[in-house]
Structure formats: structure tokens, C-alpha cells
2 protein chains.
Amino acid sequence: MLQYPSAWLQNASLGETIACELRLRIINGTIKTGETISENWVASEFGTSRSPVREALKTLSSEGLIRLERMGAVVVGLDVTDVEELYDVRFLIESFAQQRLAQSDVTGLLGCLQRIVDKMELAMKHNDAVEFSYQDLSFHETIITAANHNRILHLWKSIRPIVMTVMLLTTDEIFSKGEQKLHSVIDKHYTIMKGLESRKRDVIEQVVREYFADSRKTLHSSIPGRTS
Amino acid sequence: MLQYPSAWLQNASLGETIACELRLRIINGTIKTGETISENWVASEFGTSRSPVREALKTLSSEGLIRLERMGAVVVGLDVTDVEELYDVRFLIESFAQQRLAQSDVTGLLGCLQRIVDKMELAMKHNDAVEFSYQDLSFHETIITAANHNRILHLWKSIRPIVMTVMLLTTDEIFSKGEQKLHSVIDKHYTIMKGLESRKRDVIEQVVREYFADSRKTLHSSIPGRTS
DNA sequence: AGGTTCTAAGTTGTCGACAAGTATACTTGT
DNA sequence: ACAAGTATACTTGTCGACAACTTAGAACCT
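Residues numbered from 1 in each chain as written. Chains lettered and ligands numbered in written order. Predicted model: local features only at pLDDT ≥ 70, side-chain atom pairs only at ≥ 80, totals over all residues. Heavy atoms only, no water.

A look at the interface of chain A and chain B
Step number 1: The interface of chain A with chain B comprises 25 residues on the first partner and 25 residues on the second.
Step number 2: For the chain A face of the interface with chain B, the top three residues by lost area are A:Lys58, A:Leu92 and A:Arg151, together amounting to 30%.
Step number 3: Counting every contact that joins chain A to chain B gives 2 salt bridges.
Step number 4: Elements represented by at least two residues in the side of chain A that touches chain B include exactly helix H3 (50-62), helix H4 (80-101) and helix H7 (150-176) of chain A.
Step number 5: Tallied by class, the residues present in the side of chain A that touches chain B amount to 9 nonpolar, 8 polar and 8 charged. (Contact = heavy atoms within 4.5 Å. Buried area = accessible area lost by both parts, 1.4 Å probe. Salt bridge = Lys/Arg side-chain N within 4 Å of Asp/Glu carboxyl O. Helix = DSSP H or I, 4+ residues; strand = E, 2+ residues; numbered from the N terminus. Nonpolar A, V, L, I, M, F, W, Y, C, P; charged D, E, K, R; others polar.)

Digging into the sheet that holds strand E2 (residues 66-68) of chain A
Residue and element names in this part refer to chain A.
Step number 1: The sheet built from 3 strands is open, its strands ordered E1-E3-E2 with antiparallel pairing. The outermost strands of the open sheet, each flanked by one partner alone, are strand E1 (36-37) and E2.
Step number 2: As paired elements, E1 and strand E3 (residues 73-75) share 2 bridges and run antiparallel to each other. The residue of E3 that forms the bridge with Ile-37 is Ala-73.
Step number 3: Its contacts with the sheet put H3 on E1 and E2, and the angle it makes with E2 is roughly 115 degrees. (Pairing = 2+ DSSP bridges. Axes fitted to C-alpha atoms, helices over the stretch in contact; angles between N-to-C directions.)

With respect to the UniProt feature "domain: HTH gntR-type" (unreviewed entry) in chain A
Step number 1: Following the UniProt record, the feature "domain: HTH gntR-type" (unreviewed entry) maps to residues 12-83 of chain A here.
Step number 2: The span residues 12-83 of chain A is 54% helical and 11% strand by assignment, and the distance between its end C-alpha atoms comes to 27 Å. (UniProt positions renumbered as here; feature names shortened; annotations may be inferred.)

Focus: the relation of the copies chain A and chain B
Step number 1: Between chain A and chain B, which share one sequence, the superposing operator has a rotation angle of 180 degrees and an axial displacement of 0.0 Å; the RMSD is 0.0 Å. The two molecules are tied by a two-fold rotation axis, judged by turn and shift. (Least-squares fit on C-alpha atoms with pLDDT ≥ 70 in both.)

Remarks on unusual backbone geometry
Step number 1: Phi at A:Arg199 is positive, roughly 60 degrees, even though this residue is not glycine.
Step number 2: When you line up the elements, A:Arg199 lands in the loop between helix H8 (179-198) and helix H9 (201-217).
Step number 3: Residue classification places A:Arg199 among the partly exposed positions, given a relative accessible area of 41%.
Step number 4: Despite not being glycine, B:Asn148 shows a phi value in the positive range, around 60 degrees.
Step number 5: The class of B:Asn148 is exposed, set by a relative accessible area of 61%. (Buried < 20%, exposed > 50% of the residue type's maximum accessible area, 1.4 Å probe, protein only.)

And the structure:
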């Protein structure tokens, strides 16, 4: 079972730690869809009081992973359909961001992206799936940030923890499928950069559309299905 | 000064009540952008303990109205640019939803929408701005819900409180500008319905684009500017 | 047996208190 | 006058406790 990178939780509060751990358990199916979890149960599970648990549950609720009800929180979870919907949203956000960048000067941005892709290739050589997925995430986050649109950036931040967790799981799977798959992932990022460089709206639109359509195809086994 | 419809807070917890009240004060400028508010200050302001305040601040933070930092919460607020960005996001969401509905049978949906527009006309006659804005909100929410896309619906729910508050303020202003403006608002909703009825993607796209482009123009005085 | 009321266990919402950490203001030494 | 160190007030994170409410089940009546 994949563990959560503990280095990321170094300066985190108990509430954030619990949220991250619960998020992982919900997405990888340890905690199953339909279950109801109570604050007391989570608190005893992590050996804390209810205060940080309440914070964690509110976070997870705002991410749509659970639904807060009068008695207990119902686990919504993520099946394959939900992850596809997540990619729909990612496409909407990134497509919007890149369209916005089509008019600007992107040379500085392209430099940043190149550095990130370099780190991805390094992570591939070191067989470091966690680092690889993190740089993958950074790549897209850098683009969205560059678009300079507060609300869109906020939208991204609201789905970011889920996207990160899903990428952690799927990237781990890609690593197990050999190096060729990894090279194709990196190539896809170069394609995006070329799209940005062209500064043509229709080219960009097509490139981004293909990117996410392709990403969708490679996730069907690390995510639990509806009937798990 | 516009008050918050107290009927909506009937069954709400203290945390939700505080969140709603703070949200309104931030958006209408009573609490100004750049200020930092502490949990203790809010708690004494509302005469409660810090627990519901923490919940409220977390809510407002997830909506992007404040930024939680180590010492105090910094008020981000909404200036005119931010509201325009909000309309960008609304356009993205609703455009996606309506494109999705272009393929489905929408007769049932159109019936619902007609009933809502009827209520809007009634609210106009009764000079009830609160009811009018609420039905306006319901109109768009009904469309988004009908698209049957969990993630998009969740996105909508995450911006819904802000949209509702902004609509409350702007609608109040439209009411003060006389009946003609109100008729044109209602007409815009009929235009959307006709777009949906056509079931043609390009027609729908154009209609929705025009709707939000037009809505943007009518908000420049109820929202405080950057320098207020 | 079936339906109803009452009890009991469990849940959330809210409170006040304490510890740990941070920024500000003050004091002190030069 | 100014720098450095210290004290102080204020902030958040976490805890345990209590009240109000919901749900499920047991006991009881018909």
C-alpha cells in the first residue's frame, strides 16, 4: 500500500494531517463509499480530540469527498466516473488558463516549465514516483498560476489535494508499467509547451484537449470501481 | 444597508450564521480588503466562543474571501475585477453544463425553468428583490443540476454563497433602477431557454456567452472598488 | 403479534481553558 | 541615539466537558 509522503506533513497541523490521511484512505478505497464515519470514530482512530477532526471533515466536505449530515459524515468517494469528471474540470481550468496565456509573452513561463520537465526526467531516472507526480502537478499549477486569474487559481487550489492524491496513485501505477510509458508522459508535456509557444488559440485548445483525453485512458486500475 | 434574509438562517448553526454575516460584510465593504481579523475579535463581535468562528473562517477561506495565515485572517474581499472573474467562472460552469444538455431531452427541464421565471415575474410585481434574486439563482442552479455532473455541480456549490450574495446586492440595485431593467433581465432568461430548446451547440454557446457578457455590465456600482 | 411509548446510546454544536508560538513594545546597555 | 535582548500581550491549535438532538431498540400495552 502506497504511503503518504510524510515529509509533506512536517509543518502541518493535526487537522491537516488527518485530512490528508483520510483523503488518501477514501480515494484508494480503504474507507469505502457509502460508509458513514463519525467524528468520535475518526478521533479515536487518530488518537486526538474532536477539534482537529472537525477541521479535517470540513476540508474533505469542501472537496466533495464526504457529505456532512446530521449524524455522521457519509463517504462519497471517487469511482472511475468521478475521476473522469475530475479530468473534465481540470480540462476546463487549464484550457481557460492557456487560452488566456495565448495573448501574453510566455518565454519566462516556458523556462519554468522546462526546468520542471527536467526534474521529471530526473525523477524518472531515480525511479521516484512521488517526486515525478509532484513535478507533474507543479507543471500544470505553474501554467494556471501564470494565467493570473484569482478565481481560476482558487478553483484549482480547491481540487488540488484530490488531483495530487489521484496523481500519486496513477503515477505509481505508470512507474510499474515500465519506462516507455513514462517517456510518453514526458512527451505529452513537451507537446503542451509547443502548444503554448505557438500562441495560436485553436492549436492550444486542441493540444490541451488531447492531453486530458489521453490522460483519462491511463487510470482505470488504480482507482476502485463503483462496486468495490 | 441591505440586511441578510433572516429566514434563511432559521435552522443554521452559529458557525453558518457567522459565515453568512461575515460574507455579506466583506462583500459589501463593511469589512475592508486588507484588514486582518482574528478569531477572538470575531468571537467577541458575535458574542460566541471561538469554535463556531473557526468554522466560519474556514468556510470563508474555502470560498476565497479571506486568507488564513499564522496570525489572523487577511480579508481578500471582492473588488470589481474579482466579480468579473467570478462571472468568468460562472460562464465556464454554465457553458459546460448547457453543452452537456444539448444532447439530452430538455422538455422537463424547460418546464421547471418556466415555473421559476414565473416566480421571478411575480417577485417583480411584488417588488421583492430578495425573492427575485433567489429565483434567478435557482434558474441557473436548476440548469447546472440537470447536467448531471457531480464535479461541476460541486464547483457550483462552492461558489454559490458568493454568487448569491453578489446577486442579492446587484439585484437590489436593479430594482432601484425601475421596471424596464427588470423586464430585460427576465427576457435574458427566456433567451437562455430558447437556446436550450434549439439543442444546437453553437447557438447555446453564443447565448450563454452573451448572457454573462451582458450581466457583467450591470454591476459596477453595488460592488466596492479596489480603492474603497 | 403488532403497534406505541419510553429509554438509552450515540452524535453534533458549542463552550472555556491551556499550551505553544509570534509579533510588538519596552528596557537596557553602549 | 541606537542596537540587542527581553518581557508582554495576543494569536492559533488542541483538549475535554456539557447540552441538545437524533436514532435505534427495548419494554409495554392492546
